[in-house]
Amino acid sequence: MAFPHRPDAPELPDFSMLKRLARDQLIYLLEQIVLLGQTPHQEYAIHCHFMRVRWCLRKRESMEVRGDEYVSCDEWAFSLLPLDVDLLSMELPEFFRDYFLEGDQRWINTVAQALHLLSTLYGPFPNCYGIGRCAKMAYELWRNLEEEEDGETKGRRPEIGHIFLLDRDVDFVTALCSQVVYEGLVDDTFRIKCGSVDFGPEVTSSDKSLKVLLNAEDKVFNEIRNEHFSNVFGFLSQKARNLQAQYDRRRGMDIKQMKNFVSQELKGLKQEHRLLSLHIGACESIMKKKTKQDFQELIKTEHALLEGFNIRESTSYIEEHIDRQVSPIESLRLMCLLSITENGLIPKDYRSLKTQYLQSYGPEHLLTFSNLRRAGLLTEQAPGDTLTAVESKVSKLVTDKAAGKITDAFSSLAKRSNFRAISKKLNLIPRVDGEYDLKVPRDMAYVFSGAYVPLSCRIIEQVLERRSWQGLDEVVRLLNCSDFAFTDMTKEDKASSESLRLILVVFLGGCTFSEISALRFLGREKGHRFIFLTTAVTNSARLMEAMSEVKA
């Protein structure tokens, strides 16, 4: 039983913020209702996030809280939260761990319901593509809902021409890389939560922190959000000069002109000046933190891992990173990136890195290694090598088609990433003469300094160009998704050319701001407009924290 006078009693939740009720907070509320239940004519209403109502009712009964006389429970069934003009989030950060680690499928129905809601609002989707086990299940469940309520979208003109569903485990590499576009760096450094960020005193140049909404309404942010960080300071400097020039126009104005200036322009200029100061402060804070962490050396190591060069040197860098105890999450991330790009670690390196990590950060992380292995993020190479030898011998004895199926079975069993082969097939590592021009990027690789095109974005680009998975059979096989890549196309007679330019991309398990920036770039280049629906916005730290059994 919790008592309000106890110093360890949990605080009441802040209902002014859109956030889930944590279990301890909800239990505390129910306990207070038990204490206060003797007060006559006192009523309480508990509104739960979807799929929490039954749990709440059971908990209420177990704690002997009197029924409907005092407490009513209702469900707050929002499924989509618009974070920006082109970004919808379901705000389900637990989806990644629940499904990709625990195998819990409860959220798939929630995804299907969200897709059904969008189809009722914007008409049927003429072209549907997807890859991944979760994507296929969500798609099939959504189609069942569509068939049950066939009349709602029948005969309507589609407003969204394409929809693409993609599982997070199809592309772990992109999520594990350090972000270098401005919005991604702000997320990595300050943690963007539900479309807003808390800037501390080091950014605001005052004693107080400030919560700032980051979306297209922030004119300064909207112009730099997708830019590589190396270009941001130059833009902000130019913006500051232009703003000063607009302020200087006041000199020499007569009374009428000054009146118009104050009433029409001054408020907007002050707002822009405030936002500009905040983003300059954020950039300076990011630079200080990244310089302290030797960010350039870190990026160099990541690029070497992506390209498959200097693996020994990269492994030594990771060992040094662990020994210096820079960050348990960062060390795990680098180990996972090494494992996935190399199709698993050789046993000697795996044992060495694991031992050093546990010695540096503590044996309590042992279960985390088990989780990473189960998810296919950190594995040993030996089983994969053995299976490769076996499958090559078997392939000589059977037909090509049968050999492909056998290879699929072996790959699935070993949880191999096949990153090197996929990278060559899809040209994920650009070959450029000279230095990559980040000011005038030529492709989506600019979001990782020209070193790597995000795999998820390349898959979407290739499928949209072909309007199917045709010609990508080998890529699908290497992704271990031969049974989970699907296409559903209907007649496009009713679809306008404008709607066919609109593409809804659904990330199951989270997407990064780097992927969003890359697809925005692709949209500008190809004449598409992308809209993003994600279970949650993620990054490498959130991914590792979801796998960790040690809470910070």
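Residues numbered from 1 in each chain as written. Predicted model: local features only at pLDDT ≥ 70, side-chain atom pairs only at ≥ 80, totals over all residues. Heavy atoms only, no water.

*Asks:* Give a description of the overall build of the chain that names residues and reports values.
*Replies:* A tally of regular secondary structure across the chain gives 24 helices and 11 strands. A buried classification covers 52% of the 552 residues belonging to the chain. Taking the intrachain contacts of the chain between residues at least 6 apart in sequence as the baseline, contacts between residues at least 24 apart amount to 75%. (Helix = DSSP H or I, 4+ residues; strand = E, 2+ residues; numbered from the N terminus. Buried < 20%, exposed > 50% of the residue type's maximum accessible area, 1.4 Å probe, protein only. Contact = heavy atoms within 4.5 Å.)

*Asks:* If you had to explain the side chain of Gln-179 to someone new, which residues and values would you point to?
*Replies:* In this fold, Gln-179 is placed in the loop between helix H6 (172-176) and helix H7 (182-190). On the accessibility criterion, Gln-179 (2% relative accessible area) is buried. From its side chain, Gln-179 meets the backbone nitrogen of Phe-513 in a polar contact 3.4 Å long. A polar contact of 3.0 Å, which involves the side chain of Gln-179, links it to the side chain of Ser-514. (Polar contact = N/O pair within 3.5 Å; in protein donor to acceptor, adjacent residues only side chain to side chain.)

*Asks:* Tell me about helix H15 (residues 347-361), and name the residues and values.
*Replies:* A rise of 1.5 Å per residue sets the reference length of H15, with its 15 residues, at 21 Å; its end C-alpha atoms lie 21 Å apart and thus fit the reference within 8%. Burial in H15 covers these residues: Asp-349, Tyr-350, Leu-353, Gln-356, Tyr-357, Leu-358, Ser-360 and Tyr-361. Buried positions along H15 lie against helix H13 (311-323), helix H14 (328-341) and helix H16 (366-375). Immediately beyond the C-terminal end of H15, within one or two residues, lies Gly-362, with a positive phi of roughly 115°. (Expected span 1.5 Å × (residues − 1).)

*Asks:* Run through the pattern of salt bridges, naming residues and quoting values.
*Replies:* Enumeration according to the criterion identifies 26 salt bridges in this entry. In this structure, Asp-98 engages Arg-106 in a salt bridge whose closest nitrogen and oxygen atoms are separated by 2.7 Å. Residue Asp-488 pairs with Arg-143 through a salt bridge whose shortest N-O separation is 3.3 Å. Within this pair, whereas Asp-488 is found in strand S9 (residues 485-489), its partner Arg-143 is found in helix H5 (residues 133-148), the two being separated by 345 residues in sequence. Judged by relative accessible area, Asp-488 falls into the partly exposed class, the value being 21%. (Salt bridge = Lys/Arg side-chain N within 4 Å of Asp/Glu carboxyl O.)

*Asks:* Any chance you could break down the environment of Val-463 for me, citing the residues and the numbers?
*Replies:* Along the chain, the position of Val-463 falls in helix H20 (residues 455-466). Residue class for Val-463 comes out buried when judged on its relative accessible area of 0%.

*Asks:* Tell me about the environment of Pro-124, and name the residues and values.
*Replies:* Examined against the element boundaries, Pro-124 turns out to sit in the loop between helix H4 (106-122) and strand S5 (127-131). Taking the C-alpha atoms as reference points, Pro-124 and Glu-146, 22 residues apart in sequence, are found 9.3 Å from one another.

*Asks:* How would you explain the packing of H14 against helix H24 (residues 540-547) if you had to name every residue and give the values?
*Replies:* Running from N to C, H14 and H24 point in directions that differ by 95°, and their axes come no closer than 9 Å. Judged on the interaxial angle alone, H24 and H14 are roughly perpendicular. Here Ile-329, Leu-332, Arg-333 and Cys-336 of H14 come into contact with H24, specifically with Ser-540, Ala-541, Met-544 and Glu-545. Along the lines of polarity and charge, the residues of the contact of H14 with H24 split into five nonpolar, one polar and two charged. (Axes fitted to C-alpha atoms, helices over the stretch in contact; angles between N-to-C directions. Parallel < 35°, antiparallel > 145°, perpendicular 65-115°, else oblique. Nonpolar A, V, L, I, M, F, W, Y, C, P; charged D, E, K, R; others polar.)

*Asks:* I'd like a description of the packing of aromatic side chains, backed by residues and values.
*Replies:* Two aromatic rings, taken as a pair, are described by how far apart their centres are and by the angle between their planes. Per the counting criterion, the structure on display carries 19 aromatic pairs. Their ring planes at 35° and their centres at 5.5 Å tell us that Phe-96 and Phe-100 sit as a pair that is tilted. In this pair, Phe-96 and Phe-100 are both assigned in helix H3 (residues 94-100), four residues apart and thus about one turn of the helix distant. Per residue, the accessibility class of Phe-96 equals that of Phe-100, and both read buried. Ring centres of Tyr-446 and Phe-521 lie 5.5 Å apart, and the angle between their planes is 50°; on these two criteria the pair is classed as tilted. You can see Tyr-446 sitting in the loop between helix H19 (419-426) and H20 and its partner Phe-521 sitting in helix H23 (residues 513-526), a full 75 residues away along the chain. Judged by relative accessible area, which is 3%, Tyr-446 ranks as buried. The ring of Trp-142 has Arg-143 sitting right over it, with the charged end atom 4.6 Å from the ring centre. (Phe/Tyr/Trp six-rings, centres within 6.5 Å; stacked < 30°, edge-to-face > 60°. Lys NZ or Arg CZ within 6 Å of the ring centre and 35° of its normal.)

*Asks:* Could you give me a rundown of the nonpolar core, with the residues and numbers involved?
*Replies:* With 145 residues, the main nonpolar core has Tyr-182 and Leu-377 as its most contacted residues. Among the elements that make up this core, the one with the highest residue count is H14 (eight residues). Residues in contact with Leu-377, not counting those within four places in the same chain, are Phe-172, Leu-176, Cys-336, Ser-339, Ile-340, Leu-372, Met-544 and Met-547. (Core = buried A, V, L, I, M, F, W, Y, C linked by side-chain atoms within 4.5 Å.)

*Asks:* Before we move on, can you summarise the sheet that holds strand S10 (residues 502-508) with the specific residues and values?
*Replies:* The strand order across the open sheet formed by seven strands is S3-S4-S11-S10-S6-S5-S9, and the pairing between neighbours is mixed. Edge positions in the open sheet fall to strand S3 (81-84) and S9, since each of these has one partner strand only. Adjacent strand axes in the sheet meet at a mean angle of 15°, parallel and antiparallel pairs treated alike. Across five bridges, the pairing between S5 and strand S6 (residues 162-167) is parallel. Residue pairing for S6: Gly-130 is matched across the bridge by Leu-165. Each of S5, S6, S9 and S10 is contacted by H5, which is oriented at about 135° to S6, the strand it contacts most. Against the sheet, H20 engages S5, S6, S10 and strand S11 (529-534), with an angle of about 145° to S6. (Pairing = 2+ DSSP bridges.)

*Asks:* Describe unusual backbone geometry, listing the residues and the values that go with them.
*Replies:* Even without a glycine there, the phi angle at Glu-91 is positive, about 50°. By secondary structure assignment, the location of Glu-91 is in the loop between strand S4 (87-89) and H3. In this structure, Cys-194 takes a positive phi of about 55° despite not being glycine. Checked against the element boundaries, Cys-194 lands in the loop between H7 and strand S7 (196-199).

*Asks:* I'd like a rundown of H4, residues and numbers included.
*Replies:* When the terminal C-alpha atoms of H4 are compared, their 26 Å separation across 17 residues agrees well with the 24 Å that a helix rising 1.5 Å per residue should span. Those residues of H4 that fall on the buried side of the exposure criterion are Trp-107, Ile-108, Thr-110, Val-111, Ala-112, Ala-114, Leu-115, His-116, Leu-118, Ser-119 and Thr-120. Along its buried surface, H4 packs onto S4, H3, H5, S6, S10 and S11. In the stretch just after H4, Gly-123 is the one whose phi turns positive, near 85°.

*Asks:* Residue-level account of the confidence of the model for the chain, with values.
*Replies:* Mean pLDDT over the chain works out to 82, with 74% of the residues at or above the 70 mark. Ranking the helices and strands of the chain by mean pLDDT puts H6 first, with 97, and helix H18 (residues 400-414) last, with 46. Below a pLDDT of 50 lies the segment residues 386-397, which in the model reaches nine contacts outside its immediate sequence neighbourhood of four places, other chains included. In this model, residues 403-414 is a region of pLDDT below 50 whose contacts with residues beyond four sequence positions or in other chains number 18 contacts. (pLDDT = per-residue confidence, 0-100.)

*Asks:* Could you give an account of the side chain of Ser-314, naming the residues involved and the relevant values?
*Replies:* In this fold, Ser-314 is placed in helix H13. Other than its neighbours up to four places away in sequence, Ser-314 contacts Thr-301, Ala-304, Leu-305 and Phe-309.

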